[in-house]
Amino acid sequence: MLLSMPSPNDAQADLIAYLDFHVEAGADAVLDERPHDRFSEADAPAPTLRAPRRAPDPPVGQTAGPTAGSLVPPPGSPPPAAPSRTFGRAASAQPDEAASDARARARQAKTLDELERILADFDACPLRFTAKNLVFADGNPKARVMFLGEAPGADEDRIGKPFMGRSGQLLDKMMKAIGLDRTSAYVANIVPWRPPGNRNPTPQEVAVCRPFVERQIELVDPDLIVCLGAPATQTLTGTKDGILRTRGRLFPYKLPNREVKLLATLHPAFLLRQPVQKRLAWRDFRSLRALLDGKA
């Protein structure tokens, strides 16, 4: 039996499918042939260097000049560059210290623009160094309702705005069904940087970012907060229950000058995986419309 060799078109299709698989898995950049632990590299002490051997003394009558073994660099050579820290303070900052620093910095912000600038310069969260963009917010900061998700995905990281991918398209449809859009709502996440590979943010990463999102809520001063999914709900309410137990429930949320309501509901990404649960989200959004209309 004769075996046919794959055609160039088949090989190209296989290669494209292979690359698509890795992109879907979150591998959106090729860094090196071997993995590197940048955290340990940044914290590792500088290696002990032996003193270089001196060049032999020149013969009598000959002027000494810089040689390969000389301690004196050639004239005009640039000064040696200081070793860089790949992850800034994130490589050495302790979680408690980083969260305390985040609280202090967040309190300094008097406007949302100031908060975004402070957050962009904050280097104690390692997610900042693996993400392409800071994903701060989208929509109307003067809106009565504020939607909060968990963390950006690949599309959000690329564009720099929250809820830009398939889950964002579904959220837009859900808002439209009750007469809302991004001109009448404010959208953000509790973590403003994409975790590598779209993994869930760790409790330490959430704790470091929490002071910023709490200050963001204070500056927006919404009448109603809608938490999309369990991570946002648990972060802002302190509950340990899963989202299927908390969805549809109202929680009190204290702002500096008043108390507002927080509504828990299902994340659009969860609804894309389990479309049968859209009926529960529709109930929650009908409750949201009633709350905004003062009928609940």
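Here, residues in each chain are numbered from 1, in the same order as that chain's written sequence. This being a predicted model, a pLDDT of at least 70 is required before a residue's local features are given, and a value of 80 or more before pairs of side-chain atoms are given or counted; all residues contribute to the totals for chains, interfaces and linings. Side-chain numbers here rest on the full set of heavy atoms in the structure, without hydrogens or water.

## Looking at unusual backbone geometry
- One non-glycine residue, Phe-163, lies in the positive phi region at around 55°.
- Position of Phe-163 relative to the elements: it lies in the loop between α6 (154-159) and α7 (166-177).
- Burial here depends on accessible area, computed with a 1.4 Å probe over protein chains only, as a share of the maximum for the residue type. Under 20% is buried, over 50% is exposed, and the range in between is partly exposed. A relative accessible area of 4% places Phe-163 in the buried class.
- A positive phi angle, close to 55°, is found at Asp-221, a residue other than glycine. Secondary structure elements are defined from DSSP: runs of H or I of at least 4 residues count as helices, runs of E of at least 2 residues count as strands, and each element is numbered from the N terminus.

## Describing helix α4 (residues 112-121)
- Of the residues making up α4, those classed as buried are Leu-112, Leu-115, Ile-118 and Leu-119. Looking straight down α4, one finds its buried side chains confined to an arc of 120°; they lie on one side. The exposed set on the far side of α4, more than 90 degrees from its buried face, consists of Arg-117 and Asp-121.
- Only heavy atoms matter for contacts: two residues are in contact if any of them lie within 4.5 Å across the pair. Close packing links the buried residues of α4 with α3 (95-108), β3 (186-189) and α8 (203-220). To be clear, the arc concerns the directions from the helix axis to the C-beta atoms.

## Description of the confidence of the model for the protein chain
- How sure the predictor is of each residue is captured by pLDDT, a score from 0 to 100. Taken over all residues, the pLDDT of the protein chain has a mean of 85, while the share at 70 or more is 72%.
- Considering only residues more than four positions removed or in separate chains, one finds that residues 66-70, a stretch of pLDDT under 50, has 8 contacts.

## Some words on the packing of α3 against α8
- The contact between α3 and α8 brings their axes to 9 Å, and the two run at 10°. The angle between α3 and α8 falls in the class roughly parallel. Across the interface between the two elements, Pro-95, Ala-98, Ala-99, Ala-102, Arg-103, Arg-105 and Ala-106 of α3 pack against Gln-204, Ala-207, Val-208, Pro-211, Phe-212 and Arg-215 of α8. To get an axis, a line is fitted to the C-alpha atoms, and for a helix only the part in contact is used. The angle between two axes follows their N-to-C directions and goes from 0 to 180 degrees. Reported orientations rely on four angle classes, namely roughly parallel under 35 degrees, roughly antiparallel over 145, roughly perpendicular from 65 to 115, and oblique for the rest.

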